[in-house]
Each structure stands twice: as C-alpha cells, then as structure tokens.
Amino acid sequence: MSPYVLALLLFSLGLGTTMTFASSHWLLAWVGLEINTLAILPLMAQNHHPRAVEAATKYFLIQAGGAAVLLFAGTTNAYLTGQWDIQQAAHPLPIAIITLALALKLGLAPLHSWMPEVFQGLSLTTGLVLATWQKLAPLTLLLQIQPVNSPLLIFLGLASTLIGGWGGLNQTQLRKILAYSSTAQLGWMVLVLQFAPSLTTLAILVYIAAATATFLTLKLAKATSINMLAISWAKAPALVALTPLVLLSLAGLPPMTGFMPKWLILQELSKQELAPTATLAALTALLSLYYYLRLTYAMTLTMFPNNLAGTLPWRLPSHQLTLPLACLAIATISLLPLTPAALALVAL
Amino acid sequence: MLYCGYLLMFGVVVGMAAVAANPSPFYAALGLVMVAAMGCGFIMCLGGTFSCLVLFLIYLGGMLVVFAYSVALCSDALPTGLAEGSVLKSMVGYLGLTGVVALFQQSSEAPLFWWFVGQESEMSVMQGETEGVSEAYGSGGILLLTCGWALLVALYVALEVSRGCSRGPVRPIK
C-alpha cells in the first residue's frame, strides 16, 4: 500500500478513537466510531485476497449496523430527554439499545458470531489492531452511560465468558482462538462495569498488553494454527520458553499479571453480594484456560513427532521489531506485585 | 399537505426496499435516487429547505454521479434489473416487514395505515436548520475540518478497497 495512504488510514484510526474519547455529544461519538470503521477497512483488505475482502465486508456490515443503531438510540434519547450529552442521565430505553449496539461492536456474546470469521481472514497484525485498538472506543462509551441496565450487562458479561470459553475449545486455528479469547476477556470487563469502572479500565489495559504480546509472538513464529505452533520451537527458543507464561497470564492464572483484573473483579462482585455471578464467571474462565493450556502444550511442553530434517527450519533474518514484544511479554508475566499501584493508576 | 408527506414517506420506504433487494448497482443507485428525492421532499414539508437543497446538489449531484461513473467503468454485461424474480421477492418481503411494523403503530386517532403524524408549524424567519449550518462553518471550526477529513478518508477507503477492478477481489455480483 502506498505509504501516504497508509499514513492517512493510521492517522484516521487514531483520530476516530480520540474523537470518541473526547466527545460528550452522541453525534460526535458516532462520527468517531464511523471514522474508525472506515479507516480499518483497507488495512483489512490490503492483500486483496478474497478471504480478506470477505472478512472486511463482514466487519463493515456489523460495525456499520452497530453504529447506525447507536445513532438511532442517541436520537431517541434526544427526543425523550431533550439533550445529547453522553454523561447526563438518559432514558432507560435508549440505554438498553446503546448497550446492545456497543455489545455488537465489541463482539460480546450473544452478538459475537462475526468475531472468529473476521479474525480468521486477517493477517496477525491487523487482527491485533482489531482486538486491541478497536475495542477502546466502544468500551469508553459503555463506561460513560448512566444509569446502566444492570441485568443486561451481567447477562452480556456472563454469556461472553461462557461462550468465549466454550467456543474456543473446538478450534485449531489460532486467530479464531484469539477471537473467542477476546470475547471472554471483554465479558469480564463488562461484568464489573456498573460496580467499579476503574476495574474495567484495568482489565482492558492488561488485556491489551497480553493480547499484543500473544499476537506478536505468533507473528514472529509465523504460526496461524496449532500444527504450526508445534514446529515453531526451533525458530526462537527463548520466546517459546516464555510464551506459556504469557498465555497463562491471558488465562488469568497467578502469579502472572493477568490474574490481577480477574482477582479484583471477583472481589468486587463478592462485595456487591453477587456470589453466584462471581462463581459462574470463575468457572467459565476454566473453559478458556483449557484452550490456553492446549496452546502451551503444543508449543512448549511437547515436541511433536517430526523427521530430523523438519525439526530445524531455516532461520532467516526477521524484520519484525522485537522490543515491543519483549517489553509487553515481561509486563504480562511479572507485574502482579504492582497491583496497588495499578489500582491507584486506574482509580479515575 | 399531510397526504403529500405521507406519499413521500411511502416513496422513501419503497426506494430503500429497492436498494436492499440486491439488484445490480445501477438499479440500486436508482433506488437511492428515489430515497433521496422523496426524503428531500419530506424534509421540505417540515421546513428544512436548505438541507433539501444540499441533499440534491451534493448527495445526488455529487456523490451519486461519481458512484455511477465509477460503477460504469467496471460495468456489468448482464445487470440484474429490478424486474428479476429474486429482486422482486426480496422487495415484497421488505415491504411486508414494514407493513407488519406499521400495523403495530395504530392508535385511536390514527387507525390502520393513517398513523403518519404531520408537523405543521407557522412560518418563521429564524430557520434553526440554516442557523445550524452557519454555526458549523463559524464557531464549529475544527468540526468542519473533521467532517471534511472523514469524507476524504471515505474516498481513499473506497479507492483502496476497489483497487485493481476485475484483477482484484471486488467483482460484480449476480
């Protein structure tokens, strides 16, 4: 792609999210979301492969539909309450519609079906942008609406952790596994949204670090399926030794950083006297743990049968920057002791 | 006047059904023209004369014409017209859906299919709608630039996605 067009698209991606972050008017929030949707489409379809174009088409239809419903709800709110401000108390009906529209944009269950197919059609870098950057703007809007529809949010959260865990169990393609993983993590974020929004912020930050580390690892190992993971140990042995810890951090296992948000969320849910909800969320996290363990097993803990010539691939010089991966992998593995500092950082 | 507004709204819905029924892009653009023209008339009934003018000039006269030229460049030998069986079936389905929704809109003073409520106000000198446009150009400032930027991005996105015409992945759909 021409560097000028690439610069324009990346700038627009940043502009869209920034506009949604900075806006207090529903119309401008919608404009930011639409700019984001438009700008990522050529990035998704850039190699002009039919599968990539199919993924771009599906993504566009879903996001445009979600944005249209969001605009409709904003207009309905303006009709019912007389104002367009996002942070003012809104009428319950537009609140419910906005929550569902943002759930569609984020890929929360039961509105998650587009995620695996879209991720499967993308390169790992574009999938990374989709899983991290594109989640920020809708999540920001979800954080600001009040009064929230409590049963709806808890339903979306629990359904997402359940279906994100359950759906990923039968997958061998890594991008689909990461799509279901994204749904499950977003479910945790949405569960605690109405009780302690700072924990949602913490959860998305930790998820961005962990997901970026995972995507960059897979990109370096050039692995898009479990079979390809199995032969990647010879490409970067030190990285392959660390990846289990990164994956188990995504799963939320102590002593990795990924335990931090889950721990604090369970504590907050218990404080709100939602013990069954907390139990259910913890149990559904076990489902995702299983497929993360499967990836760990395939990559590091086992040497798959192979002939001698197949075990050592050519290691050509890689043009990938390794500094971001190194920093994020260490952050994902070892920042649990900084929990009090992290809490102070996100207590907005 | 009320009846005129009702007819225009009906035309908007029929035009949208024609677009959604998946004919060839030429005929979908025809549906878009119908939507824009009827919707424009309806906005005029409500007093928004400037929006109506902008819709015709910029949307139909600018965007849609450029779209029509681009589509004609990657033209289709046998386009799916509006009289094809599949298109007609889809159109009837969508219009039926809107009919079902309309059935739920009944009330005591607006019995079956007369639920359209007109909004007639007195003539006023201060048109809120034109004021809004001048605000966007005046104290709107950066918002105007952002809207222009969004349009530019949309253009580049369309160009990038359809790069390569028939050599690329974007093909005419039957």
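Residues numbered from 1 in each chain as written. Chains lettered and ligands numbered in written order. Predicted model: local features only at pLDDT ≥ 70, side-chain atom pairs only at ≥ 80, totals over all residues. Heavy atoms only, no water.

An unreviewed UniProt entry lists chain B under the name NADH-ubiquinone oxidoreductase chain 6, with Notothenia coriiceps given as the organism. Database annotation for chain B, UniProt heading Function (unreviewed entry): "Core subunit of the mitochondrial membrane respiratory chain NADH dehydrogenase (Complex I) which catalyzes electron transfer from NADH through the respiratory chain, using ubiquinone as an electron acceptor. Essential for the catalytic activity and assembly of complex I." Word for word, the UniProt comment on chain B under Sequence similarities (unreviewed entry) is "Belongs to the complex I subunit 6 family." (UniProt positions renumbered as here; feature names shortened; annotations may be inferred.)

Per an unreviewed UniProt entry, chain A goes by the name NADH-ubiquinone oxidoreductase chain 2 and belongs to Notothenia coriiceps. The UniProt entry for chain A carries the following comment under Sequence similarities (unreviewed entry): "Belongs to the complex I subunit 2 family."

Caption draft 1: Main features of the packing of helix α8 (residues 174-191) of chain A against helix α9 (residues 197-221) of chain A. Residue and element names in this part refer to chain A. Relative orientation of the contacting elements α8 and α9 amounts to 170°, with a least axis distance of 10 Å. It follows that α8 is roughly antiparallel to α9 by the angle criterion. Residues Leu-174, Leu-178, Ser-181, Ser-182, Gln-185 and Met-189 of α8 pack against Thr-200, Ala-203, Ile-204, Tyr-207, Thr-214, Phe-215 and Leu-218 of α9. Of the residues contributing to the contact of α8 with α9, the split by class is 8 nonpolar, 5 polar and no charged. (Axes fitted to C-alpha atoms, helices over the stretch in contact; angles between N-to-C directions. Helix = DSSP H or I, 4+ residues; strand = E, 2+ residues; numbered from the N terminus. Parallel < 35°, antiparallel > 145°, perpendicular 65-115°, else oblique. Contact = heavy atoms within 4.5 Å. Nonpolar A, V, L, I, M, F, W, Y, C, P; charged D, E, K, R; others polar.)

Caption draft 2: Quick peek at a nonpolar patch on the surface. All names here are of chain B. Residues Phe-50, Leu-53, Val-54, Leu-57, Ile-58, Tyr-59, Met-63 and Leu-151 make up a contiguous nonpolar surface patch of roughly 720 Å² in combined accessible area. Sorting elements by how many residues they give to the nonpolar patch places helix α3 (residues 49-73) first, with 7 residues. Note that Phe-50 resides in helix α3. Classification of Phe-50 by relative accessible area gives partly exposed; the value is 31%. (Patch = residues over 30% accessible without salt bridge, like charges linked within 9 Å, V, L, I, M, F, W, Y side chains within 5 Å. Areas by Shrake-Rupley, 256 points an atom, 1.4 Å probe, with all protein chains shown as cover. Salt bridge = Lys/Arg side-chain N within 4 Å of Asp/Glu carboxyl O. Buried < 20%, exposed > 50% of the residue type's maximum accessible area, 1.4 Å probe, protein only.)

Caption draft 3: Structural view of the domain arrangement of chain A. Residues and elements named next belong to chain A. Each domain of chain A was delimited in the assignment, giving domain 1 (1-146) and domain 2 (148-306 + 321-347). Between the C-alpha centres of domain 1 and domain 2 there is a distance of 22 Å. Opposite the 29 residues of domain 1 that make contact, domain 2 presents 35 residues. Summed over both partners, the interface of domain 1 with domain 2 buries about 2,800 Å², with 80% contributed by carbon and sulfur atoms. Contact with domain 2 buries area across many residues of domain 1, yet Leu-108, Gln-120 and Leu-124 alone supply 23% of it, more than any other trio. Between domain 1 and domain 2 we count 0 salt bridges in total. At the junction of domain 1 with domain 2, the criterion picks out 5 residue pairs in polar contact (both at pLDDT 80 or more). (Domains from an automatic or database assignment. Buried area = accessible area lost by both parts, 1.4 Å probe. Polar contact = N/O pair within 3.5 Å; in protein donor to acceptor, adjacent residues only side chain to side chain.)

Caption draft 4: Seen up close, helix α2 (residues 26-44) of chain A. Between its terminal C-alpha atoms α2 of chain A stretches 27 Å, which fits the 27 Å expected from 19 residues at 1.5 Å a residue. Of all 19 residues in α2 of chain A, 14 are buried; the element is thus mostly enclosed. (Expected span 1.5 Å × (residues − 1).)

Caption draft 5: View of the state of the cysteines. Residues and elements named next belong to chain B. Under the criterion given, the structure shown has 1 disulfide over all chains. Residue Cys-40 pairs covalently with Cys-52 via a disulfide, S to S 2.4 Å. Residues Cys-40 and Cys-52 are joined through a disulfide that is right-handed, its torsion about the S-S bond being 75°. On the criterion of sequence distance, the pair formed by Cys-40 in helix α2 (residues 25-45) and Cys-52 in helix α3 is long-range, its members being 12 residues apart. (Disulfide = S-S within 2.5 Å.)

Caption draft 6: Examining the interface of chain A and chain B more closely. Taken together, the contact between chain A and chain B spans 17 residues of the former and 13 residues of the latter. The three residues of chain A that bury the most area against chain B are Leu-8, Leu-38 and His-48 of chain A, which together make up 38% of that side's buried surface. Between chain A and chain B we count 0 salt bridges in total. Along the contact surface separating chain A from chain B lie 1 residue pair in polar contact (both at pLDDT 80 or more). Residue contributions to the side of chain A that touches chain B peak at 7 residues, all from helix α1 (residues 3-22) of chain A. Of the residues in the side of chain A that touches chain B, the class split is 15 nonpolar, 2 polar and no charged.

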